[in-house]
2 protein chains.
Amino acid sequence: MATSSIKEQVYQELSRVTHAISNPKRMELIDVLSQKSYSVEELSNEITMSMASTSQHLQVLKSAKLVDSYRQGNFIIYSITDDSVLKLVSVVKELGFRKIAEIERLIGDFKADKNILESITLDDLLARSKKEKIILIDVRPEDEYKAGHIPNAVSIPLAQLKKRLNELPKNRTIIAYCRGPLCVMSADAIKLLNQRKFTAIRMEDGYVEWKLKQHEINKN
Amino acid sequence: MATSSIKEQVYQELSRVTHAISNPKRMELIDVLSQKSYSVEELSNEITMSMASTSQHLQVLKSAKLVDSYRQGNFIIYSITDDSVLKLVSVVKELGFRKIAEIERLIGDFKADKNILESITLDDLLARSKKEKIILIDVRPEDEYKAGHIPNAVSIPLAQLKKRLNELPKNRTIIAYCRGPLCVMSADAIKLLNQRKFTAIRMEDGYVEWKLKQHEINKN
DNA sequence: AGTCTATTCAATGATTTTGTTGAATAGTTG
DNA sequence: CAACTATTCAACAAAATCATTGAATAGACT
């Protein structure tokens, strides 16, 4: 049957896309690349895996057209092909978190990092910043901040936070964000700030989520 | 390292979602279920696979919380858990088609079904229906129409089309849709209608795409 | 209660995926 | 052009996936 064959081919092709991120390490790669382009070596460190394996995973992602690469000097730089990939990651997270949330509810665990749960969303941020003057800090590595950040955010990478506490006011609310819902950098930042008697809240959304929101607004 | 372990678990969980649809048959199952709930037996026929295998695939989807099931008399009915699943499928198709389109461009093939390419989108439909009075027909099985359809659409399942041609006018533009971009039912309908000298165009989007559009509009 | 039937479970072998190590490649830089 | 280096290729063994067949289950009807 010709129809069936075409149909099969199409579903085959579609599942190749999801197969590409059906592996935890590849999912992580895509998530890291959502922030900014990186070389194979950097990625290999980030996901703690041998370069050879990292390279292979990247090739799988490339063949599914989720990432692209170009050469820069000695390095090969990988990046996300376009913003539909961001959407894909965002939807998968949405679906994945339903499950994770349920597991946590069942186990009753996750108390150790409970302050991670006390976080606001992008919408909260926008609403809140209209009422009061808040300080928004981006605690990702500086490179990622430079590659793009939420307007009015100040870059204070987590690693530098301890030394730069004097730049922050104690009479204002500080909101910290990082790579998005999966990332713990902002949670660490909040922990430190609260210890030092700052008023600080974590925002779970990151730059990617902000960017996707812009897309939506522009469309309508 | 505790952090790394949590991180790994999270990515593991996220990739379980994508793993669930990283198989062509499971992708097809989700796509079919996007239209309407079905029993295991019906699904098994639809995707031409043994009941045992179909059941197993459904369980994978269920454990990823992409589908849910309940009993109705002798049958177990499977359905999509919620509309985020529709979003997932929609994004995956968007990404998958980039690849498919490129392959077709490279091979230069696909001439046999060329009229599939001459199709309009949901936006085109909306714009066009403001200017002229068009006839919109839904050629999916009647069950799926009953489960939900685009407003003002008339149900004429593909199987009945030949007998019901007299219900359609020749002096108006007829637009046919089915399950969405992957589905060939509307293409078959267009072929028949054009042979019989109707003015008929295929719309590649289906009810699911319409529904997702409503969500977006409601959000802003 | 007993039969019937849709669905699920279990076991199997063929095939694919995974991550590693060590060698090969290609391209840059001095 | 020679040396260097980041990246990719190749080969391997362990582990996971896939679709099938045949048996088991669980619930619905008479």
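Remember, predicted model here, so these are calculated numbers, not experimental data. Counting from 1, residues in each chain are numbered in the order their sequence is written. Chains carry letters from A onward and ligands carry numbers from 1 onward, assigned in written order. For this predicted model, a pLDDT threshold of at least 70 governs which residues receive local features, and a threshold of 80 or more governs which side-chain atom pairs are given and counted, while totals over whole chains, interfaces and linings are taken from all residues. The basis for every side-chain value is the complete set of heavy atoms in the structure, and neither hydrogens nor water enter the calculation.

A. Examining the protein's contact with DNA strand C more closely. One heavy atom within 4 Å of a molecule or strand is enough for the residue carrying it to be called near that molecule or strand. Around DNA strand C lies a shell of 23 residues, among which A:Ser53, A:His57, B:Ser55, B:Gln59 and B:Tyr78 are the nearest. Atoms of DNA strand C within 4 Å of the protein belong to the sugar or the phosphate in 75% of instances, the rest to bases. Polar contact is the term for a pair of N or O atoms within 3.5 Å; when the atoms are in protein, one must be able to donate a hydrogen and the other to accept it, and sequence-neighboring residues count only if both atoms are side-chain atoms. Here B:Val40 contributes a backbone N or O atom positioned 3.3 Å from a phosphate oxygen of DNA strand C. Separating a phosphate oxygen of DNA strand C from a backbone N or O atom of B:Glu41 is a distance of 3.0 Å. Secondary structure counts use DSSP, requiring at least four H or I residues in a row for a helix and at least two E residues in a row for a strand, with both numbered from the N terminus. Taken together, the elements giving at least two residues each to the surface near DNA strand C come down to helix H4 (51–63) of chain A together with helix H3 (40–46), helix H4 (51–63) and strand E3 (75–80) of chain B. With five residues, the top contributor of residues to the surface near DNA strand C is H4(B).

B. Examining the protein's contact with DNA strand D more closely. In the vicinity of DNA strand D lie 24 residues, with A:Ser55, A:Gln59, A:Tyr78, B:Ser53 and B:His57 positioned nearest. Near-protein atoms of DNA strand D (within 4 Å) split between backbone and bases, with sugar and phosphate holding 77%. One nitrogen or oxygen atom from the side chain of B:Asn74 is found 3.4 Å from a sugar or linking oxygen belonging to DNA strand D. The element best represented in the surface near DNA strand D is H4(A), accounting for five residues. When residues are grouped by polarity, Ala, Val, Leu, Ile, Met, Phe, Trp, Tyr, Cys and Pro land in nonpolar, Asp, Glu, Lys and Arg in charged, and all others, Gly among them, in polar. Of the residues assigned to the surface near DNA strand D, the class counts are eight nonpolar, 13 polar and three charged.

C. The arrangement of the pattern of salt bridges in detail. Whenever Lys or Arg places a side-chain nitrogen within 4 Å of a carboxyl oxygen from Asp or Glu, that contact is recorded as a salt bridge. By the definition in use, this model includes 24 salt bridges over all chains. The shortest N-O distance in the salt bridge between A:Arg164 and A:Glu167 comes to 2.8 Å. Of the charged contacts in the structure, one is a salt bridge between B:Glu13 and B:Arg16, with a shortest N-O distance of 3.7 Å. Of this pair, B:Glu13 and B:Arg16 both sit in helix H1 (residues 2–20), three residues apart, which is roughly one turn of the helix. Here the term buried applies to any residue with accessible area under 20% of the maximum for its type, exposed to any over 50%, and partly exposed to those in between, with areas from a 1.4 Å probe on protein chains only. The buried category is assigned to B:Glu13, whose relative accessible area is 7%.

D. Looking closely at the sheet that holds strand E5 (residues 135–138) of chain B. Residues and elements named next belong to chain B. With respect to topology, five strands assemble into an open sheet ordered E4-E8-E7-E5-E6, the strand pairing being parallel. With partners counted over all chains shown, the strands left at the sheet margins are strand E4 (119–120) and strand E6 (154–155), one partner each. Think of it this way: DSSP has to see at least two bridges between two strands before they count as a pair. Bridge count for E5 against strand E7 (residues 173–177) is four bridges, and the pairing is parallel. Of the residues in E7, the one forming a bridge with Leu136 is Ile175.

Keep in mind these numbers describe shape, not what the thing actually does.
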